[in-house]
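# Structure assessment
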Amino acid sequence: FDLETDLRRAIPAGELVLHFQPKVSLPDYRLVGFEALVRWLHPERGMLPPVTFVNLAEEAGMIGPLTRWVFEAVGRHQREWLDAGLHPVPIAINVSPREFLGDLLEEHLTAYKQFDLPDGLMEIEITESTMIDDFDRVCRIVTSLTEAGIKVAMDDFGTGYSSLASLNRLPISTLKIDRAFTKDVDWDRASRAVASAIISLAAELGLDVVAEGVETREQLTVLRALKCRVVQGFLTGRPVPAQEAVELLRHPA
Ligand code: G
Ligand code: G
Ligand code: MN
Ligand code: NA
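Just so we're clear, the structure is a prediction, and the values are computed from it rather than from any experiment.

### Looking at unusual backbone geometry
Looking along the chain, the bond that leaves Leu 26 and enters Pro 27 is cis, with omega of 0°. Tracing the backbone through its elements, the reader meets Pro 27 in the loop between strand S1 (16–25) and strand S2 (31–42). Positive phi outside glycine occurs at Asp 116, with the angle close to 55°. Along the chain, the position of Asp 116 falls in the loop between helix H5 (105–113) and strand S5 (122–127). Owing to 9 C-beta atoms within 10 Å, Asp 116 belongs among the exposed residues under this scheme. Even without being glycine, Lys 227 reaches a positive phi, approximately 75°. Looking at the element boundaries, Lys 227 is found in the loop between helix H10 (217–225) and strand S9 (230–231). Overall, Lys 227 belongs to the partly exposed group, with 13 C-beta atoms counted inside 10 Å.

### Let's talk about the site of ligand 2
Near ligand 2 there are 13 residues, and of these Leu 37, Gly 213, Glu 215, Gly 233 and Phe 234 occur at the shortest range. Along the lines of polarity and charge, the residues of the shell around ligand 2 split into 4 nonpolar, 4 polar and 5 charged.

### Considerations on the pairing of strand S7 (residues 174–177)
Taking every second residue as pointing to the same face, both faces of S7 are buried, with Thr 174 and Lys 176 on one and Leu 175 and Ile 177 on the other. Judged from the 3 bridges that link them, strand S6 (residues 151–157) and S7 form a sheet pairing that is parallel. When the sheet's bridge partners are listed, Met 154 is paired in S7 with Leu 175. The β-α-β motif built from S6, the intervening helix H7 (residues 164–169) and the parallel element S7 has right-handed crossover chirality. As judged from the 4 bridges shared by S7 and strand S8 (residues 208–211), these two strands associate in the parallel manner. Across the sheet, Leu 175 pairs through a bridge with Val 209, a residue of S8.

### Re helix H6 (residues 135–147)
For H6, built from 13 residues, the straight-helix expectation of 18 Å at 1.5 Å per residue is met to within 8% by its first-to-last C-alpha distance of 18 Å. Buried residues of H6: Val 138, Val 142 and Leu 145, and no others. The buried side chains of H6 occupy one side of the element, clustering within an arc of 60° when seen end-on. What points out from H6, more than 90 degrees from its buried face, is the exposed set Asp 136, Arg 140 and Glu 147. Structurally, H6 contributes buried residues whose contacts are with S5 and S6. Once H6 ends, the next one or two residues include Gly 149, with phi positive near 85°.

### Overview of the pairing of S8
Bridging between S8 and S9 involves 2 bridges; their strand directions are parallel. Its bridge partner lying in S9, Ala 211 is registered against Val 231. Taking the sense of rotation as the criterion, the β-α-β connection linking S8, H10 and S9 turns out right-handed.

### Thoughts on the site of ligand 1
Taken together, Leu 37, Val 38, Pro 49, Pro 50, Val 51, Val 54, Val 70, Asn 94, Ser 96 and Pro 239 are the residues near ligand 1. Residue composition of the shell around ligand 1, by class: 8 nonpolar, 2 polar and no charged.

### Concerning the environment of Thr 221
Within the element layout of this structure, Thr 221 appears in helix H10. It is 9.7 Å that separates the C-alpha atoms of Thr 221 and Pro 27, two residues lying 194 residues apart in sequence.

### Quick notes on the packing of helix H3 (residues 63–83) against H5
In helix packing, the relevant descriptors are the interaxial angle and the interaxial distance, both defined with respect to the helix axes. The geometry of H3 relative to H5 is characterised by a closest axis approach of 7 Å and an angle of 25° between their N-to-C directions. What the angle tells us is that H3 and H5 run roughly parallel. Seen from above, H3 lies across H5 with right-handed handedness. Every residue of H5 that contacts H3 at Thr 67, Arg 68, Phe 71, Glu 72, Val 74 and Gly 75 is listed here: Glu 107, His 108, Leu 109, Ala 111 and Tyr 112. Looking at the contact of H3 with H5 residue by residue, the classes come out as 5 nonpolar, 3 polar and 3 charged.

How each quantity is defined
Residues numbered from 1 in each chain as written. Chains lettered and ligands numbered in written order. Predicted model: local features only at pLDDT ≥ 70, side-chain atom pairs only at ≥ 80, totals over all residues. Helix = DSSP H or I, 4+ residues; strand = E, 2+ residues; numbered from the N terminus. Buried ≥ 20, exposed ≤ 12 C-beta atoms within 10 Å, placed from the backbone. Near = placed C-beta within 6 Å. Nonpolar A, V, L, I, M, F, W, Y, C, P; charged D, E, K, R; others polar. Pairing = 2+ DSSP bridges. Right-handed = clockwise from strand over helix to strand, strands pointing away. Expected span 1.5 Å × (residues − 1). Arc of directions from axis to C-beta. Contact = placed C-beta atoms within 7 Å. Axes fitted to C-alpha atoms, helices over the stretch in contact; angles between N-to-C directions. Parallel < 35°, antiparallel > 145°, perpendicular 65-115°, else oblique. Left-handed = near helix turned anticlockwise from the far one by under 90°.

Right, here's the structure in full:
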């Protein structure tokens with residue numbers, strides 16, 4: 001079989017789906033947002049995770065249509081939930097460096113805007129590697145997104161390239177503490193020190209902070225003690241399909 005050929009067919013064939021992972025506040029476990037995570041429901045190979053096809057899509061020149069589909073799907077879901085009388089929470093979309101810096105971001109946003117949603121229901125997650133080449137350009141894009149009511153989060157924070165000086169100049173709204181630090185935060189002093197430093201830094205810079213990959217009560221307890229206000233991870237919610245995400249909106253814990 002040829003995954004690339006299949007992928008070209010997949011989007012028009014409606015084989016992509018979004019799953020939504022809850023972000024919850026501490027200490028009250030309120031649902032404060034979702035992260036959209038794309039999956040490919042392949043007719044023969046079953047549910048494929050993004051690691052198996054997002055890079056492939058980039059190499060095959062298919063990332064544009066894929067990202068467009070994600071923006072449109074997020075808009076469609078939000079519109080549906082709003083029309084159902086629910087109070088939607090922001091949904092964060094992962095955008096690769098190439099897509100963020102490329103020419104298509106405006107068009108992707110247009111695909112979202114057709115649903116005419118109130119400000120504040122979409123966020124974008126970028127990684128530190130987005131900033132490697134042209135920091136000023138990244139700044140301009142983040143600024144224009146922020147002005148358009150779209151928050152930008154720095155994903156996997158702490159693992160990649162980013163100087164504290166540049167962070168200070170970038171009008172992002174959120175730091176997401178990488179899972180690598182959350183993993184051992186309850187027993188490893190170095191991991192705890194990094195998590196603690198990121199939480200303090202965020203507070204000083206007026207940024208929100210989300211700890212990713214929280215899997216255990218012990219990790220949660222430590223993060224709460226460090227004054228982390230939002231967590232995301234298998235403990236507080238796995239990525240779920242839209243029908244289950246709706247239930248979470250309907251009955252916020
Ligand atoms: O859901 P999972 O753990 O398999 O996701 C793995 C990676 O795929 C994560 O790093 C996530 O950021 C990325 N990813 C998920 N959805 C999208 C998407 O819609 N676009 C891009 N570019 N990356 C995505
Ligand atoms: O790179 P990014 O942060 O976008 O990756 C998000 C991915 O992390 C999602 O695909 C999701 O499935 C995965 N993930 C979310 N929560 C947890 C967790 O608690 N443990 C682990 N191992 N993975 C998680
Ligand atoms: Mn992410
Ligand atoms: Na991340």
